[in-house]
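# Descriptive analysis of the structure
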Amino acid sequence: MLELSSVSHVYPDGTRALDNVTLSIPKGMYGLLGPNGAGKSTLMRTVATLQSPSSGSITFDGLDVLAKPEELRKRLGYLPQDFGVYPRVSAYDMLDHMAVLKGIAGRAERRDTVETLLAQVNLWDVRKKAIAGFSGGMRQRFGIAQALIGNPELIIVDEPTAGLDPEERNRFLNLLAEIGENVVVILSTHIVEDVADLCPRMAVLVNGAIRLEGAPSDLIEKARGTIWAKTVERGELPAYRKMYEVISTRLFAGRTIIHIMSPTDPGDGFEQAPGGLEDVYFSTLAAGRREATARQAA
Amino acid sequence: MFGRIALFELRYQLRNPVFWAALVIFFLLTFGATVSEDIMIGSGGNVHVNAPVAIIETQLVLTLFYMFVTTAFVANVVVRDDDSGFGPIVRSTRVTKFAYLIGRFTGAAGAALLAFLVVPAAILLGSMMPWIDPETVGPNTLAWYVQGYALYAVPSVFLLCALFFAVATMTRSMLYSYVGVVGFLVVYLVYGVLVAAEPDYREIAALTDPLGFGAFSYETRYWTAAEANSQMPALTGIILANRGLALLLGLAGLAIAYWRFTFADRGISVRKARRLARKARKLAATQPRTVAALPATRPESAAFARLLMTTRFEIRQVVQSPAFIVLLALGLFNSIAALAFGGDFYGTAPIPATFALIPVLEGSFTLFALIIAIYYGGEVVWRDRDRKFHEVIDATSLPGWAFMIPKTIAVALVLVATLVVSVLGAVAVQAANGYFNFEFGKYLAWYLAPTAADLVLVAVLSVFVQALSPSKYLGWGIMTLYLVAAITLTSIGFDHPMILYGRTGFSPVSDMNGVAVGGALGWWMRLYWGGFALLLAVLAQLMRRRGTETRLAPRIRQLPRRAASGAGALGLVGLLTAGATGAFLYNEMNVENEYASRDDGEARLAEYERKYLQYETLRQPSITDVTLALDIFPAERRLEAKGSYAMVNDTGVPLEMLIVRLPDRETELLEVEVPGAALQSDDGEFQFRIYRFETPLAPGEKARLTFATRRWHKALSTTGYGTRLVENGTFLNNSEFAPIIGMNRQGLLADRATRRRYGLEPELRPARLEDNNARERNYLADTDWVMSDITISTAADQVPVAPGMKVSDEVRGKRRIARFRSGAPILAFFSVQSAAYDIAAREVQEFGEDGLRLEVYHDPQHPYNVERMLDAMEVSLGYYAANFGPYQFDHARIVEFPGYAQFAQAFAGTMPWSEKMGFLANFADPGEIDYVTYIAAHEMAHQYWAHQLISADQQGGTLLVETLAQYSALMVMKELHGEDQMRRFLKYELDNYLSSRGSEAIEELPLERVENQGYIHYRKGSVVMYLLQDRLGEQRVNAMLAGLLDRYRFKSQPYASASDLVAGFHSLARNEEESDLVRDLLQKITIYDLKAAEAVVRELDDGRFETVLTVEATKYHAEGKGRETEAPLEDRIEIGLFTERPGSGAFDRENVIAMERRPIRSGRQVLRILSDRRPAWAGIDPYNKYVDRDSDDNLVEPG
């Protein structure tokens, strides 16, 4: 459905934000995972027609996005990573305003849109309150409501769960799950669970390049049997870091559980761990770091 | 903790846009007032723009305005945390109430004080601008700025901060804080009017005026320019007490704020809680209307809805923002103050007719509307980005036009609404003055529509600049530069309207002539700039920011591609419109008309003077008869004049040369014939011709001159069609259509700085009093006594007026033709007028055999004071004929002219009078000074003093004309109102004289040497003449004056001299005392200081009362620059006892218990007066007949 081929972007200051990104994104939820600064937002903005890449091409359902951004915008719903609100404007009025901006002219149609969405995102009761007074979760729900106006075929959601408490996050992800069946939804995040819970397909972006792409279950399957875990004292951690490539550490009951990746049993008290998407992601990041170090050394 | 909170608050406020907006506004106001004559705060005249007094005065005035800003600062402190929901967090910390509240207040007040520093800074900067007249600038002394700021601005700003901090603490609402400001202002102004106007309370008012105005003006009220320029009022007495009081009041305000403030949220009231609950129930009861499938977008058909909704959204964002409310309130305050207190003459307010209010609105309100245009230009363009909402909007299918166009329209509509509010303010002022003739059509056509269009032009520019600018602040900076340019470009000589975007030329408003002078020009200019505006709007749209690309260069690169569209075509239309209109206007202004910038015009006048002033004393024949045929075509603004002069050589010597010139550049000198003389030189550039008689004109020999001229405003000039020859209300004097014989100084450069710039003597002073040669010429441009025969025609619906008896008056076809012939000699300086007049007439039989016809030619809309004018003419002619001699005409006419200027003038038998002056005076309150009668009596007196006796062209020339006219008018007022009511007139004249002395530019002179200085010959002259007639006897003075008239009536050279009048007064002096008085009053500058220190009343055994009055008396002689030396006083001065205070409205004859002259000498002395009744007031010179430095301390209530 959405095809990116060889998309690169270099900022005027020389930062290479996107490096030859080629992706094919089908209908349904698609997770874009990556650490902060990996280029996720640049990629999202590029697809959302907010900036033109230095090179490469993007098509959506056969439409050349770079040549005709205005055509894509008619089919797009976008929730940026960070957005503010106008003072003294209520949720109802703002959504109504957005409906007009997106091209819903009729009063009745606008009312249907606004009220349906407010009910859907569970903001009906607070519709007359100024958005400026909303909590983070309410604000994100308002954000998704505006992105859904007019049945977009491509929905881009950039880091929507950052800063939400678990309950709000669940509520938000459920909302996404409801809509992500017949349209393309790109969800960018640095939180692995978001993707694990929701997305039939995903990619990992590190330093502007795609490091991994596929269905989470396939990726987990591929990693099966290569993840080993051990519980160590905190003080021992540096020693282990020297000996093994530690892909993640986690505190549990005051001690540290470390995960390493190894095709064979490393011994030394390590036990095979079941291995989840998180391990896959962290190992990908670790590989990225290794390469970067190698490049620097060379 | 306290310090950290204060510092945090200060830093917060410095980032607040209010701080920067205040900085810019107050900088512009002050800078503008310093460098431009169009904007005025306080002093003027000979007081330097950077004099200590001016520095203080400017700061005092601006403190009043600053109230609106300080409130924004300090109320923000209180309201902010509640608005942002951050309050509970802050208040639950361990911060103490004192540190929290007072710390924050300190920070906010610090920011307010910091921002106000821009006022002294702007004066300093303004005084250094190169184009300012160096004579209006004194040396900059840093201490004055520091002291002025520290002593006057700081306590007042602190007080205002504290006061409104308390109000905000109590109300916890920005809106109510502003209501508080308005309330304070009303109370403050009313208090000022009620208390400060009462002389007895002047000291109390001075002390208690919390903003320091009172104390400051009390201490400096009679300062001369020299004093004002060189010293600060000492920080003692009333000023010290007053400034201390301001600080104390401020602390009290803070204490109240501290006392009323609680950390805990005050619970909402029961009623509000109930209302909220009801609202919540209603909200909860409504169910959403949901649909299974959301409606699809149809962007193609949403264009109109998008335009409408986004415009509405932007408008709502603007009008709901606090800054808008502040700016609107400031603008309204400024304009309502100007509307309510402007336009007085002699303290009498005018009837607030719409046409007179419109220029006041333009001057006082539009600056704020401009600031709104500029400020919100930035806000609307950057709003989405500032709010971080731009990515959401940029990713919608909103087409490019929908970004900039609704924003521009929104700002434009906000501006229109703002103007409508200002009109409502004006209407409210009218209603408050009992004027209910609301002429909304005039408001619309003369103010709203043109000003709105002008503001829209600025709004478009502002949006364009912001669309291109890399930041909002830079955009504002650029627009501020534009504003500064608009203020200053004219003052440095770039006055052509086509060179600065948005300038629409000069369009004065008149009830008689509408906007016919500049209205058309204005709309052509708006079309011209509108073309540019369209182009700018298109460019802004094409180069808008969308997405993350914010750099300008890529957007410029994209421009050609984007321009190939409908928008580009629209831009082209704009460009073509501007081009075509520009070509048309250029042709009108610079080809059809001759355009001269101010500098060009000045250079030309300087050249004229250098070339031709040498002929000033060249003897010329006198004109004896003037015959004219004038055809006025009002609709075409055309005048065709043909005429002839009969001349005689009355110089006693043969004359070889005849100078014929027409300096008015608007009028073309078509032909001149002088039989028996040949044209020796013809300077076409200056229309200056020199003829040489073939045989010199022998003494007594006659000569003739015929001429034809044309004045035709057929094309638009940079100032419209000119204000003299207009559609309705033409008012031309003969120098504007007929050639002048000989050279004189009229119309030469007068401004000292300008003259110096062109290498001329700084001033052209008249000949000295001792110069007897000067008596060969008269001071009225040496015009001759002539007999006239004028035939004047105009459009059939207008009435033509010229001097002389009306011999015939008929309508022939579409023309009305009237012929006027003089029955007595008139000065060859006269006016003709033409307009659609109503005529109010009155026949008076007592005068002469043929009787006398009094007439007022007035606009049908201005009937208010016509009867009063007729009465005044009748009464004054009655007095003059009885005391000075016969009136020379069978008619006297007051003729209204459009208010393009504000004066009344006396030509022979005809008195043109501005529609903005007496015709609108409001005498609803009988206590007002009847200046219409006063002025009418003055102008009628000129029929004697000028039109029967004309003085020589030397020092003291205006003494015989203006001072004697003032004297005559005062005598008429005395006859009408009685001696005991005269104090009001005298005091007005006296105060005016004393306060104007400071503005003297060259030197103050004694009356007998007055050099056309209005404050001397009108103001001081009135007081002095009144005292002289009081001391020497009215009848005796009038007899002496009648003798003077007999000597000089219609006489040419030698003309009357001020010495004749002085000698006349000396001849009336009966003793040394009176001779001294004449000398002191007429031949010296003498200032008195008479004071009643105390009075004690004792009832005597015989039932009578003895009043023991202690008085202090001093006399000073002053020299031209204001330096004074004490002189011994030895005079007989009036002492009076009264039951009411003289000068108060209720005071009249029956309140006078005793009034007698007593010998008074310098120093303190005690006087005893016996009376039958117990006095409530006692005093020295109670009617203010002396030139008394402080005329308010002459009376005292016995203790």
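Here the structure is a predicted model, which means the values were calculated and not measured.

Rules of the game
- Residues numbered from 1 in each chain as written.
- Chains lettered and ligands numbered in written order.
- Predicted model: local features only at pLDDT ≥ 70, side-chain atom pairs only at ≥ 80, totals over all residues.
- Axes fitted to C-alpha atoms, helices over the stretch in contact; angles between N-to-C directions.
- Helix = DSSP H or I, 4+ residues; strand = E, 2+ residues; numbered from the N terminus.
- Parallel < 35°, antiparallel > 145°, perpendicular 65-115°, else oblique.
- Left-handed = near helix turned anticlockwise from the far one by under 90°.
- Contact = placed C-beta atoms within 7 Å.
- Nonpolar A, V, L, I, M, F, W, Y, C, P; charged D, E, K, R; others polar.
- Pairing = 2+ DSSP bridges.
- Core = buried A, V, L, I, M, F, W, Y, C linked by C-beta atoms within 7 Å.
- Buried ≥ 20, exposed ≤ 12 C-beta atoms within 10 Å, placed from the backbone.
- Domains from an automatic or database assignment.
- Expected span 1.5 Å × (residues − 1).

## Re the packing of helix 2 (residues 17-35) of chain B against helix 20 (residues 472-488) of chain B
Between two packed helices, the angle of one axis relative to the other and the distance separating the axes together describe the packing. Residue and element names in this part refer to chain B. Running from N to C, helix 2 and helix 20 cross one another at 20 degrees; their axes reach a closest spacing of 10 Å. Taken together, the axes of helix 2 and helix 20 are roughly parallel relative to one another. You can see that helix 2 and helix 20 cross each other, and the crossing is right-handed. Contact with helix 2, carried on its side by Val 24, Leu 28, Gly 32 and Val 35, involves Thr 480, Leu 483, Val 484, Ile 487 and Thr 488 of helix 20 and no other residues of that element. Class assignment for the residues of the contact of helix 2 with helix 20 results in six nonpolar, three polar and no charged.

## With respect to the environment of Glu1112(B)
Residues and elements named next belong to chain B. Summarising the element assignment, Glu 1112 is placed in strand 21 (residues 1105-1118). Each C-alpha atom of the pair Glu 1112 and Val 1166 lies 8.9 Å from the other, and the pair is 54 residues apart in sequence. For Glu 1112, the residues in contact, after removing those within four places along its chain, are Lys 1091, Ala 1093, Gly 1163 and Arg 1164.

## What to know about the sheet that holds strand 16 (residues 838-844) of chain B
Residues and elements named next belong to chain B. Pairing is mixed in the open sheet, where four strands are placed in the order 16-17-18-19. Of all strands in the sheet, those with a lone pairing partner are strand 16 and strand 19 (910-914), marking the two edges. Taken pair by pair, the neighbouring strands of this sheet meet at an average axis angle of 15 degrees, ignoring direction. Here strand 18 (residues 891-897) pairs with strand 19 via five bridges, running parallel. Following the sheet pairing, Ile 894 is matched in strand 19 by Met 911. Along the sheet face, helix 26 (residues 866-883) touches strand 16, strand 17 (852-858) and strand 18 and points at about 150 degrees away from the line of strand 17.

## Quick word on the nonpolar core
By size, the foremost hydrophobic cluster in this structure holds 411 residues, and its most contacted members are Ile186(A), Val74(B), Cys161(B), Ala373(B), Leu415(B) and Phe464(B). Tallying contributions element by element places helix 16 (residues 354-386) of chain B first for this core, with 19 residues. Excluding anything up to four places from it in sequence, Phe464(B) contacts Leu536(B), Ala537(B), Leu539(B) and Ala540(B). Of all hydrophobic cores here, the second largest spans six residues; its members include Trp228(A), Ile247(A), Ile260(A) and Met261(A).

## Digging into the pairing of strand 9 (residues 201-206) of chain A
Residue and element names in this part refer to chain A. Within strand 9, five of the six residues are buried, which leaves the element mostly enclosed by the surrounding structure. The pairing of strand 3 (residues 28-33) with strand 9 spans four bridges and is parallel. When the sheet's bridge partners are listed, Leu 33 is paired in strand 9 with Val 204. Examined bridge by bridge, strand 9 and strand 10 (residues 209-214) share five bridges and lie antiparallel to one another. Looking across to strand 10, one finds that Leu 205 is bridged to Ile 210.

## Some words on the environment of Ala410(B)
All names here are of chain B. Considering the arrangement of structural elements, one finds Ala 410 in helix 18 (residues 401-432). The class for Ala 410 is buried, based on 24 C-beta atoms found within 10 Å. Measuring from C-alpha to C-alpha, the distance between Ala 410 and Leu 308 comes to 9.8 Å, with 102 residues separating the pair along the chain. Each residue touching Ala 410, except ones within four places of it in the same chain, is listed here: Thr 311, Glu 314, Ile 315, Val 318 and Val 380.

## Regarding the sheet that holds strand 8 (residues 730-733) of chain B
Residue and element names in this part refer to chain B. Read across the open sheet, the three strands follow the order 8-15-11; overall the sheet is antiparallel. Either end of the sheet is taken by a strand with one partner, and the two such strands are strand 8 and strand 11 (799-801). Direction aside, the axes of adjacent strands within the sheet are offset by 10 degrees on average. As defined by bridge partners, strand 8 adjoins strand 15 (residues 831-835) across four bridges and the pair is classed as antiparallel. By the bridge assignment, Thr 730 is partnered in strand 15 with Ser 834.

## What to know about the domain arrangement of chain A
A common way to express how large an interface is: the accessible area buried when the components associate. Residue and element names in this part refer to chain A. Entries for chain A in the domain assignment read domain 1 (2-214) and domain 2 (221-297). The C-alpha centroid of domain 2 is placed 33 Å from the C-alpha centroid of domain 1. Broken down by secondary-structure element, the contributors of at least two residues to the side of domain 1 that touches domain 2 are helix 7 (192-198), strand 9 and strand 10. If one sorts the elements of the side of domain 1 that touches domain 2 by residue count, helix 7 sits on top with three residues.

## Brief notes about unusual backbone geometry
Residue and element names in this part refer to chain B. The amide bond that connects Gln 1053 to the next residue, Pro 1054, takes the cis arrangement and shows omega of -10 degrees. Here Pro 1054 shows up in the loop between helix 31 (1034-1048) and helix 32 (1058-1068). Notably, Phe 1050 is not glycine yet its phi reads approximately 55 degrees, a positive angle. The residue Phe 1050 is located in the loop between helix 31 and helix 32 in this model. On the basis of neighbour count, Phe 1050 is assigned to the partly exposed category, with 14 C-beta atoms found within 10 Å.

## Remarks on the interface of chain A and chain B
At the junction of the two partners, chain A supplies 39 residues and chain B supplies 35 residues. Those elements giving two or more residues to the side of chain A that touches chain B turn out to be helix 2 (69-73), strand 6 (76-79), helix 3 (91-101) and helix 4 (107-120) of chain A. Among the elements that make up the side of chain A that touches chain B, the one with the highest residue count is helix 4 of chain A (eight residues).

## Quick look at helix 4 of chain A
Residue and element names in this part refer to chain A. Taking 1.5 Å per residue, 14 residues should reach 20 Å; helix 4 reaches 20 Å between its end C-alpha atoms and fits that length. Residues of helix 4 that are buried: Arg 110, Asp 112, Thr 113, Val 114, Glu 115, Thr 116, Leu 117 and Leu 118. Of the surrounding elements, those touching the buried residues of helix 4 are helix 3 and helix 5 (136-147). Phi for Asn 122, located one or two positions after helix 4, is positive at around 65 degrees.

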